[in-house]
Amino acid sequence: MLQHPENPTNTFSNIVEATKPWLRGRTISGVLILVGHLAFAYHFVLMLLKFGRADGVGPTLLAKPESAAEASS
Amino acid sequence: MNKLTTLFCGFLFTFVLAWIGLVLVPQFQFGQLQPFVNEDTGESFPPMRSGLAETGKQVYQANGCIYCHSQQIRPEHQTADMARGWGARRSVARDYIYDRPHLLGTMRTGPDLSNAGVRLSNEAWHHEHLYAPQSKSAGSTMPPFRYLYKVQKIQGAGSPDALKLEADDAPPEGYEVVPTPDARALVAYLLSLNQNYSLPEAKLSTE
């Protein structure tokens, strides 16, 4: 079953058959990464709207170190 | 230096480098390519596509055929492309001068289509395959493109273009499946896919 794809005696239908387990794996990983993206987008919006933390300091990304230090103290 | 300036310079460097490598250098290498005109016959290669086939190219692009099909025959050395009968010679840059954008592709979930028009020259076969890939190739993972076809009531003797479908793929009694204009254009494009001509830099081995 496992043959090199550059071996012309390995028929293309055999190659199609061999891709199937990988295609299933890619479907599962695609669903996982979609969920991850949605979770990220949700938290990103929360962060932009300053809903992220009780003290509501807003985005910490690119904030100056001293103001970040102030916020956490 | 400010962190943002460093970041910006990094972005700029990355993009300029990529632009030089992917746009500027190829432009110098291939930008001036002209069709090859056979002095004896006056024929010009690669051949121009018909208007219908050009429309079909857009259908090909819109339906993402490129995600599974390449259009490039790699050199004989160490690849099985020619041994599989996908093409008689390797593809070269000049083959694509009329393609904007070109559709070389990066994946071969399905077979290469550089010479689809030569290898599979039957119009009806393409329609039946697009409508029901598994009817032509058992176990095919190609999705059926049924929305490119119309199921309609048979009028009189029926349409001469009706697809010949069997078993589960066949429409209900009294109905027929006919190609939409998009499907016709797509198949005209597939039939136009042909690199079976000699270029000075890539001759057919018969010459």
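Scroll up for the structure.
As the structure is a computational prediction, the values presented were derived from the model and not from experiment.

**Some words on the interface of chain A and chain B**
The interface of chain A with chain B comprises 14 residues on the first partner and 16 residues on the second. Of the roughly 1000 Å² buried at the junction of chain A and chain B (both faces included), carbon and sulfur atoms supply 59%. Summed over the shared surface of chain A and chain B, the result is one salt bridge. Residue A:Glu6 is joined to B:Arg74 by a salt bridge in which the shortest nitrogen-to-oxygen separation is 2.7 Å. The interface formed by chain A and chain B holds five residue pairs in polar contact (both at pLDDT 80 or more) in total. A per-class count over the side of chain A that touches chain B returns seven nonpolar, three polar and four charged.

**Quick notes on the packing of helix α4 (residues 123-131) of chain B against helix α6 (residues 181-192) of chain B**
Packed helices, taken two at a time, are described by the angle between their axes plus the distance between the axes. Residue and element names in this part refer to chain B. It is at 10 Å that the axes of α4 and α6 come closest, and there the two elements cross at 120°. Viewed along their axes, α4 and α6 adopt a mutual orientation that is oblique. Two packed elements cross with a definite hand, and for α4 against α6 that hand is right-handed. In this structure, α4 contributes Glu123, His126, His127 and Leu130 to the contact, and α6 contributes Ala183, Arg184, Leu186, Val187, Leu190 and Leu191. Grouping the amino acids of the contact of α4 with α6 by side-chain chemistry returns six nonpolar, two polar and two charged.

Cut-offs used in this document
- Residues numbered from 1 in each chain as written.
- Chains lettered and ligands numbered in written order.
- Predicted model: local features only at pLDDT ≥ 70, side-chain atom pairs only at ≥ 80, totals over all residues.
- Heavy atoms only, no water.
- Contact = heavy atoms within 4.5 Å.
- Buried area = accessible area lost by both parts, 1.4 Å probe.
- Salt bridge = Lys/Arg side-chain N within 4 Å of Asp/Glu carboxyl O.
- Polar contact = N/O pair within 3.5 Å; in protein donor to acceptor, adjacent residues only side chain to side chain.
- Nonpolar A, V, L, I, M, F, W, Y, C, P; charged D, E, K, R; others polar.
- Axes fitted to C-alpha atoms, helices over the stretch in contact; angles between N-to-C directions.
- Helix = DSSP H or I, 4+ residues; strand = E, 2+ residues; numbered from the N terminus.
- Parallel < 35°, antiparallel > 145°, perpendicular 65-115°, else oblique.
- Left-handed = near helix turned anticlockwise from the far one by under 90°.

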